[in-house]
Amino acid sequence: MAYLDQPINVNELPEDTGGDYSPLPPGDYQTVIKDAELKATNDGTGQYIKLRLDVTGPTHAGRVVFANVNIRNKSSAAEQIGRAQLGALMKAIGLATLQDTDQLIGGHVTVKLAIREARTDPATGKTYEASNEVRSYKSIDSSAMPAGQSQIKPMMQSATPTKSAPPWMKK
């Protein structure tokens, strides 16, 4: 049991508006990576990075999109696709080497969203509502970059943590 230091009156709490969880319209959205977690695949034979991307613009700021990026999978095609996605993501945020998923947190990236239609998994019978699917990752400023120039930005030189430093710089 946990004791609350003051009583909470239900009549003083804000109304739950329910939020909008419908898929965003297909298109390009600027996002910031708020969470990146390594997870095991359902069958336990592979791994993926689960990303939480918060939309910052140009529309729908404040909405959240989730993406899974395969890094190890029993299907070589799924693994190859996932690793290509990871490569595009790393280039987009200027990360040359990935050692820890926390290095992705705080990265700004433009994502191309599509809508994955509602479906029923034939194997399990479980139904899923329509949702967004990240189709690609690119640098937010890639359109301003001359053709042929590398999108990998130089990493911060200082190892001194600051309040505004990304999480991987604080270790």
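Reading the values: the criteria
Residues numbered from 1 in each chain as written. Predicted model: local features only at pLDDT ≥ 70, side-chain atom pairs only at ≥ 80, totals over all residues. Heavy atoms only, no water. 1 Å grid on protein atoms, 1.4 Å probe; cavity = no way out; pocket = protein on both sides within 12 Å on 5 of 7 lines; lining within 4 Å. Points joined across faces, edges and corners; volume = space filled by probe spheres on them. Helix = DSSP H or I, 4+ residues; strand = E, 2+ residues; numbered from the N terminus. Salt bridge = Lys/Arg side-chain N within 4 Å of Asp/Glu carboxyl O. Buried < 20%, exposed > 50% of the residue type's maximum accessible area, 1.4 Å probe, protein only. pLDDT = per-residue confidence, 0-100. Contact = heavy atoms within 4.5 Å. Pairing = 2+ DSSP bridges. Axes fitted to C-alpha atoms, helices over the stretch in contact; angles between N-to-C directions. Patch = residues over 30% accessible without salt bridge, like charges linked within 9 Å, V, L, I, M, F, W, Y side chains within 5 Å. Areas by Shrake-Rupley, 256 points an atom, 1.4 Å probe, with all protein chains shown as cover. Polar contact = N/O pair within 3.5 Å; in protein donor to acceptor, adjacent residues only side chain to side chain.

**Q** Is there a simple way to think about the layout of surface pockets in this case?
**A** Empty pockets left among the atoms are what a rolling probe the size of a water molecule brings to light. Looking at the largest pocket, its volume works out to about 1,600 Å³. In this structure, the largest pocket is lined by 43 residues; those nearest its centre are Phe66, Asn68, Arg116, Arg119 and Ser131. Among the elements of the structure, strand 2 (47–57), strand 3 (64–72), helix 1 (76–93), strand 5 (119–120) and strand 7 (131–138) are those that each provide at least two residues to the lining of the largest pocket. At seven residues, strand 3 tops the list of elements feeding residues into the lining of the largest pocket.

**Q** Would you mind going over the pattern of salt bridges with me for this structure?
**A** Between side chains of opposite charge, a pair can form as their charged atoms come close. Counted according to the given criterion, the structure contains eight salt bridges. The partner of Arg135 in a salt bridge is Glu133, and the shortest N-O contact between them spans 3.1 Å. According to the relative accessible area criterion, Arg135 is exposed, its value standing at 52%.

**Q** Any chance you could explain the confidence of the model for the chain here in plain terms?
**A** For residues with low pLDDT, the predicted coordinates do not support detailed interpretation. Of all residues in the chain, 82% have pLDDT values of 70 or greater, and the mean over the chain is 85. Mean pLDDT across the elements of the chain ranges from a minimum in strand 6 (residues 127–128), with 95, to a maximum in strand 1 (residues 27–40), with 98. The model gives residues 143–163 a pLDDT under 50, and that stretch makes 26 contacts with residues more than four places away or in other chains.

**Q** Mind showing me how you'd approach the sheet that holds strand 1 here?
**A** Each strand in a sheet pairs with another by means of backbone hydrogen bonds, the pair being arranged parallel or else antiparallel. Taken in spatial order, the five strands make up an open sheet running 3-2-1-4-7, and their pairing is antiparallel. Strand pairing shows two members of the sheet lacking a second neighbour, strand 3 and strand 7, which therefore form its edges. In this sheet, adjacent strand axes meet at a mean angle of 45 degrees when their direction is disregarded. By the bridge criterion, eight bridges tie strand 2 to strand 3 in an arrangement that is antiparallel. Among the inter-strand pairings, Asp54 is bridged to a residue of strand 3, identified as Val64. In this fold helix 1 packs onto strand 1, strand 2, strand 3, strand 4 (108–116) and strand 7, with an angle of close to 120 degrees to the strand it touches most, strand 3.

**Q** Hey, could you run me through a nonpolar patch on the surface in this one?
**A** Residues Leu4, Ile8, Val10 and Leu13 make up a contiguous nonpolar surface patch of roughly 420 Å² in combined accessible area. Assignment of secondary structure puts Leu4 in the segment before strand 1. A residue is classified by how much of its surface remains accessible, and Leu4, at 52% relative accessible area, is exposed.

**Q** Any chance you could explain the side chain of Arg63 here in plain terms?
**A** Note that Arg63 resides in the loop between strand 2 and strand 3. Taking relative accessible area as the criterion, Arg63 reaches 17% and is therefore assigned buried. Polar side-chain contacts of Arg63 include one of 3.3 Å to the side chain of Asp20. Polar side-chain contacts of Arg63 include one of 2.4 Å to the backbone oxygen of Ser22.

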